[in-house]
Amino acid sequence: MDQALLLVHNALPAEGLRLSAASAACHQCSYQVLAFIPASNGSLRKPSTVTVAVDTQHPLTLLLDGFSEDRELCKIHYHFGESGNYSLEVKTLSRSTQTVSCDLIINEDPINSYLRCGHVLCGEGGAMNAILFAFLVYMGILAIVIVGRLLMKIDPVRNWVCKKLNPRETDRLINSELGSPNRADSLSSDPSQHLWSAISRQRLRSLDTFRGLSLIIMVFVNYGGGKYWFFKHESWNGLTVADLVFPWFVFIMGTSVSLSLSSMLRWGSSKKKVLGKILWRSFLLILLGIIVVNPNYCLGPLSWDNLRIPGVLQRLGFAYLVVAALELLFTGAGAESVTEMPCPALQDILPYWPQWIFILTLEVIWLCLTFLLPVPGCPRGYLGPGGIGDFGKYPNCTGGAAGYIDRLLLGEKHIYQHPSSSVLYQTKMPYDPEGILGTINTIFMAFLGLQAGKIILLYKDQHKQIMSRFFIWSIVMGIISAALTKCSKDEGIIPVNKNLWSISYVTTMSCFAFILLLLIYYLVDVKRLWSGAPFFYPGMNSILVYIGHEVFENYFPFKWKMQDSQSHAEHLTQNLTATTLWVIISYVLYRRRIFWKI
């Protein structure tokens, strides 16, 4: 998978060759030796041949030089195709001038991993687009659902179905996990529990839909994403689909915090009681992450010697604790009401200036630690991946200050051992993408989500105002991102980097999040053109779906033995099936009114 076969034929009679390669996706990487090709047998006039496997995910630059005289003979930039068979013929054109030619020949055409669905889906020699095939299947299911909804509008059909199924309209439990958006408190002692029906009609389905969309994409990429490179995390700087979803989940968590805390205070809950609930929820999230999600119990019992301490739920729990406590400290019941201000354009910011001072102070701390903290053996302010990056000058500096802080405070055995940079950049140091320093910017991401919640509260039912504020915030975040990155992947002041959770990564993801929330809010809650299904259902049981997909990842029916483990199509089929099963499970739980709250 993701490889091609390259036969290197050396017809030079008196000179051996060294074949090296560098990936176009590897920024400032030194060439890596792939093979040594001995000189040809002059008496037999037969070129020497060496077989090499080359990567097909990104374009490669091949460098051929003579290892005896150490001279560059030729350089070829080429994007090899998966499972292709190629020959690189090296020969002398003129003995007098010693001119060398390097000819790349296609012996066997590569397959198109995006245009081939394999034997399982299409039979022998099938050539249908695997991703397109999956898309058409889901579109077919959607079409059936739409037709079913249209039929349900016909009175005789609807009456017959209601008699047969006797469906009950259900809604989520009030104030579900992670401070989900509700207009009432979830505490059983609160009076809002007796107003279930009235409150459920006021719900914003768009927030659950946003959360569910982020969660389902997260489940899909965690299960493998068909083993396509664009469904994997970026090796270092830049973005793939997999890098979008976690910050979006953090963002919508912040939005939910604003709405749920406002509701609790409005219904008379004391700040002390709410703070206790925040502390307990944060503790449970962190504990579940360390004890349930991080260990792989299929490999043996829990071992404290090499237990990973950071993680997704741990970071969610800590970000939730800080943002919810910050909101509780500086916000009271009815604080979201609109008041006359000297600058109406900033009325969702200026009343909360202490919160902004706190968040900006955190950002100053992140900047100071990132760019000023001395890291042994590394340049100050280093943001690179180490390994063979930066031409191999700093092989043990992966993540700079962020990696150093984690190794110093947590220990190398208690952080992630296989970072995404280990393959392309060949890094050897452990590095945790959910480490300590990046948590600061995760808090900032949740705070921007909190800002979206304030907008919803401040401009309640004023849809144009809400959407215009979302759009303005998206533009502002986009401008900041453009300034920090210089609109480039690697050349900016602070590149977009998910491993570091750089500030430009947060501003870029929040730019996308505000726009996405605007679109979903418009379609689901304003125009009601879309119910939010199917993402609405996992969005209402997000913690259960996330923990469940991690715990049962290696169990049937979420995983099974494949006929061809080197087939993208089979991986895609398995991963989509597993993801769909979690959507179905969340729908069944929704219908049975089962919600797991923390």
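Just so it is clear, the structure is predicted and the values come from calculations on it, not from any experiment.

Peer 1: Could you clarify how one ought to interpret the state of the cysteines in this entry?
Peer 2: Among covalent bonds in proteins, the disulfide is the one between the sulfur atoms of two cysteines. A full pass over the atoms with the stated rule returns three disulfides. Paired by a disulfide, Cys26 and Cys29 hold their sulfur atoms 1.7 Å apart. Between Cys26 and Cys29, the disulfide has an S-S torsion of -65 degrees and is therefore left-handed. Look at Cys26 and you get buried, because its relative accessible area is 8%. Sulfur-sulfur distance for the disulfide between Cys74 and Cys102 comes to 2.0 Å.

Peer 1: Hey, could you run me through the packing of helix α8 (residues 312–330) against helix α12 (residues 438–458) in this one?
Peer 2: In a pair of packed helices, the angle between the axes and the distance between the axes together describe the arrangement. Packing of α8 against α12 brings their axes to within 9 Å, and their N-to-C directions diverge by 50 degrees. Judged by the angle between their axes, α8 and α12 are oblique. Crossing of α8 against α12: the hand is right-handed. From α8, Arg315, Phe318, Ala319, Val322, Val323, Leu326 and Glu327 reach across to α12, where they touch Gly438, Thr439, Thr442, Ile443, Ala446, Phe447, Leu450 and Lys454.

Peer 1: Please explain helix α6 (residues 245–266) as it appears in this structure.
Peer 2: Side chains of residues three or four places apart in an α-helix project in the same direction, reflecting 3.6 residues per turn. For α6, built from 22 residues, the straight-helix expectation of 32 Å at 1.5 Å per residue is met to within 8% by its first-to-last C-alpha distance of 32 Å. Taking burial as the measure, the 22 residues of α6 include 21 buried ones, the bulk of the element. Phi for Gly268, located one or two positions after α6, is positive at around 95 degrees.

Peer 1: Before we go on, may I ask you to explain the side chain of Asn497 in this structure?
Peer 2: Turning to its location among the elements, Asn497 is positioned in the loop between α13 (463–485) and α14 (503–526). For Asn497, the side chain forms a polar contact with the main-chain nitrogen of Asn499, separated by 2.9 Å.

The rules we used
Residue numbers restart at each chain and count upward from 1, following the sequence in its written direction. Only residues with pLDDT of at least 70 get local features here, since the model is predicted, and only at 80 or more are side-chain atom pairs given and counted; chain-wide, interface and lining totals rely on the full set of residues. The side-chain numbers reported here are obtained from all heavy atoms of the structure, hydrogens and water having been left aside. Count a disulfide wherever a pair of cysteine sulfur atoms falls within 2.5 Å. Partly exposed residues are those whose accessible area sits between 20% and 50% of the maximum for their type, while under 20% is buried and over 50% is exposed, using a 1.4 Å probe and protein chains only. Axis definition: a line fitted to C-alpha atoms, limited for helices to the stretch in contact. Angles are taken between N-to-C directions and run from 0 to 180 degrees. Every helix listed is a DSSP run of H or I at least four residues long, and every strand listed is a run of E at least two residues long, numbered separately from the N terminus. Each angle receives one of four descriptions, namely roughly parallel if under 35 degrees, roughly antiparallel if over 145, roughly perpendicular if within 65 to 115, and oblique otherwise. Each crossing is labelled by how the near helix is turned from the far one, with a counterclockwise turn of less than a right angle marking it left-handed and a clockwise turn marking it right-handed. Here a residue-residue contact requires only that any non-hydrogen atoms of the pair lie within 4.5 Å. Helix span is expected to be 1.5 Å times the residue number reduced by one. For this analysis, a polar contact is any N or O atom pair within 3.5 Å, provided that within protein one partner can donate a hydrogen and the other can accept it, and provided that sequence-adjacent residues contribute only side-chain to side-chain pairs.

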